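Residue strings, one per chain:
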Amino acid sequence: MHADVIIAGGGLSGGLIALRLALTHPDKKVLLLERGQSLGGNHTWFFHEDRASSPTEPTGSSPEQGKEPYARSSHFWLYPLISKSWDSYEVRFPKEARVFERRYHGIQAQHFHETLLKRLGRGVRLNCTVRRISDSEVELETGEILRAPLVIDASGIDPEQQTLTSFAGAPCGWMKFVAFDMKLKKPHGLERPILIDATAPQMDGYREFSCLPWDETRIMVKEAFYSSSPLLNHERISRSLLAYAERAGWEIESIERQEEGSLPLPLYALSFDQRPQSAVEFSGEDFTDRSPVVVSTKAGWFHSTTSQSLPDAVRIAEFICNLPQLRTGPVRAELREYRKDWIEQQRFYRLLNRMVFKAAEPSLRHHVISHFYNLKDDAIERFFAGMSTRADRQRFLAGKPPVRVGKIARAWTQETPILSVATSK
């Protein structure tokens, strides 16, 4: 065997699993294969502080020594990856604004890459293209064959998995965005991140800006849409971002980085979560399945409403590293069982998507989003973490969200698509 674990894909999911394995099982040899020149690609990830207590983690392991929230968090192992943390953030809607006194963190791909290289060392192989992958082997484009008891496919969404209307067989909306990392000539003056600024005129569905200050003169500004189409008008959005900075009174010295994406927001269950149960569901490991363990967004491991993948990537990394057997078959069986509860959680988030895309007028979608931010802080944090409770769901739906009712409601309350709502009786 060439390694104990081989991970194909050095993005967020693959990188987090490799890091967690290195910490939990330092005796295991892990190979992280990435086809690009750097780990993490061209991405930025954000997440709320996890305030769950964990008495076993070390204190003082954060970028900011002595910060009490870090000493309480169960995800202490993420701290070396954090590029910037803030003590609060705010949201702005046309009729209201709100400040949340909750810690918020950002991870930049360059810092992600440098931290993993330092920790994993020779266990990382860049510019490494995979030709074929199975439960025990990875064949590279060079013809080299690598073997391990546990093989994980952590590659991202393939272009062929996306169309103009669906992802993995499910109709969907899209969260699409363009972001600029700007270097300003003078300080921007922001005390905290603006997570949502939906005060600009609405277009292409629901429209919002975000402002994440890295330091006094560096800031990331993003324009995002909840749209029915994944198509991006990069030129128009670029002009819009520059105009937003001008309205804020910021003089731009340079654009240091650009990022864009179109991420699916499924309205109904994904195709690979709709297969009927078989004997394998009850016996556990499938000894005839020669596929690797698939853990990335390609298998739908992301929040159905926000499109964010970091919370699930963190939980999957911890779940795998705590399993008693690090072999493909047992890990795949355990992950299949774990996914059952996850699917039930996503059912509610797909309902929210149908409320936004089917039951709300496109120009009024921001009312649905702003309605959500009227919930208690803890409920909002659980929502972003993909862990909403039954009570959270009831509070949101009991608040009479601003959507159309009557016969058209059948289009968003049912998990199965309706072919023709207009003709139904």
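Let me sum up the structure you'll find in this document. (Residues numbered from 1 in each chain as written. Predicted model: local features only at pLDDT ≥ 70, side-chain atom pairs only at ≥ 80, totals over all residues. Heavy atoms only, no water.)

**Overview of helix α3 (residues 109–120)**
Okay, so step 1: For α3, built from twelve residues, the straight-helix expectation of 16 Å at 1.5 Å per residue is met to within 8% by its first-to-last C-alpha distance of 16 Å.
Okay, so step 2: All of the buried residues in α3 are A109, F112, H113, T115, L116 and L120.
Okay, so step 3: Along its buried surface, α3 packs onto α1 (12–24), β2 (30–33), β3 (44–48), β7 (104–108) and β8 (124–125). (Helix = DSSP H or I, 4+ residues; strand = E, 2+ residues; numbered from the N terminus. Expected span 1.5 Å × (residues − 1). Buried < 20%, exposed > 50% of the residue type's maximum accessible area, 1.4 Å probe, protein only. Contact = heavy atoms within 4.5 Å.)

**Details of the pattern of salt bridges**
Okay, so step 1: Applying the stated criterion across every chain, the model contains 29 salt bridges.
Okay, so step 2: Of the charged contacts, one joins E139 and R131 as a salt bridge, the two residues approaching to 3.0 Å between their closest N and O atoms.
Okay, so step 3: Note that R382 is salt-bridged to D392, the shortest N-O span being 2.8 Å. Taken together, the residues span a long stretch of sequence, with R382 in helix α9 (residues 377–384) and D392 in helix α10 (residues 390–398) at a distance of ten residues.
Okay, so step 4: By relative accessible area, which is 28% here, R382 ends up partly exposed. (Salt bridge = Lys/Arg side-chain N within 4 Å of Asp/Glu carboxyl O.)

**Overview of the sheet that holds strand β4 (residues 84–86)**
Okay, so step 1: The sheet built from three strands is open, its strands ordered β3-β7-β4 with antiparallel pairing. With one partner strand each, in any of the chains shown, β3 and β4 form the two edges of the open sheet. Adjacent strand axes in the sheet meet at a mean angle of 15° when their direction is disregarded.
Okay, so step 2: Taken together, the five bridges between β3 and β7 define a ladder with antiparallel strand orientation. Each residue of the ladder has a partner; that of F47, found in β7, is H105. (Pairing = 2+ DSSP bridges. Axes fitted to C-alpha atoms, helices over the stretch in contact; angles between N-to-C directions.)

**As for the packing of helix α7 (residues 328–359) against α10**
Okay, so step 1: The geometry of α7 relative to α10 is characterised by a closest axis approach of 11 Å and an angle of 15° between their N-to-C directions. One element, α7, and the other, α10, form an angle in the roughly parallel class. Considering the relative orientation of α7 and α10, their crossing is left-handed. Taking contact as the criterion, the partners of Q345, F348, L351, L352 and M355 in α7 are, on α10, R393, F396 and L397.
Okay, so step 2: Across the contact of α7 with α10, the residue classes break down as six nonpolar, one polar and one charged. (Parallel < 35°, antiparallel > 145°, perpendicular 65-115°, else oblique. Left-handed = near helix turned anticlockwise from the far one by under 90°. Nonpolar A, V, L, I, M, F, W, Y, C, P; charged D, E, K, R; others polar.)

**Re the pairing of β7**
Okay, so step 1: A large share of β7 lies buried, amounting to four of its five residues.
Okay, so step 2: As paired strands, β4 and β7 are joined by three bridges and run antiparallel to one another. By the bridge assignment, S85 is partnered in β7 with H105.

**Here we look at the packing of aromatic side chains**
Okay, so step 1: Throughout the structure, instances matching the rule amount to 21 aromatic pairs.
Okay, so step 2: Judged by centre distance (6.0 Å) and plane angle (20°), the ring pair of F46 and W214 falls under stacked. Of this pair, F46 sits in strand β3 while W214 sits in the loop between β16 (206–213) and β17 (218–227); the two residues are 168 residues apart in sequence, bridging distant segments of the chain.
Okay, so step 3: Of the residues examined, W214 reaches a relative accessible area of 11% and is grouped as buried. (Phe/Tyr/Trp six-rings, centres within 6.5 Å; stacked < 30°, edge-to-face > 60°.)

**Here's the deal with unusual backbone geometry**
Okay, so step 1: Here A168, not a glycine, exhibits a phi torsion of approximately 50°, which is positive.
Okay, so step 2: Along the polypeptide, A168 turns up in the loop between β13 (166–167) and β14 (170–184).
Okay, so step 3: Residue class for A168 comes out buried when judged on its relative accessible area of 11%.
Okay, so step 4: Of note, S307 is a non-glycine position whose phi angle comes to about 70°, a positive value.
Okay, so step 5: S307 gets classed as buried once you look at its relative accessible area, which sits at 8%.

**Some points on helix α6 (residues 310–321)**
Since one α-helical turn is 3.6 residues long, residues separated by three or four positions face the same way.
Okay, so step 1: In this model, α6 (twelve residues) spans 17 Å end to end at C-alpha, consistent with the 16 Å of a helix rising 1.5 Å per residue.
Okay, so step 2: Of all twelve residues that make up α6, eleven are buried, and the element is covered over most of its length.
Okay, so step 3: Those residues of α6 that fall on the buried side of the exposure criterion are L310, P311, D312, A313, V314, R315, I316, A317, E318, I320 and C321.
Okay, so step 4: Packed against the buried residues of α6 are α1, β3, β7, β12 (150–153), α7 and α9.

Honestly, that's just the spatial picture; any functional story needs more than this.
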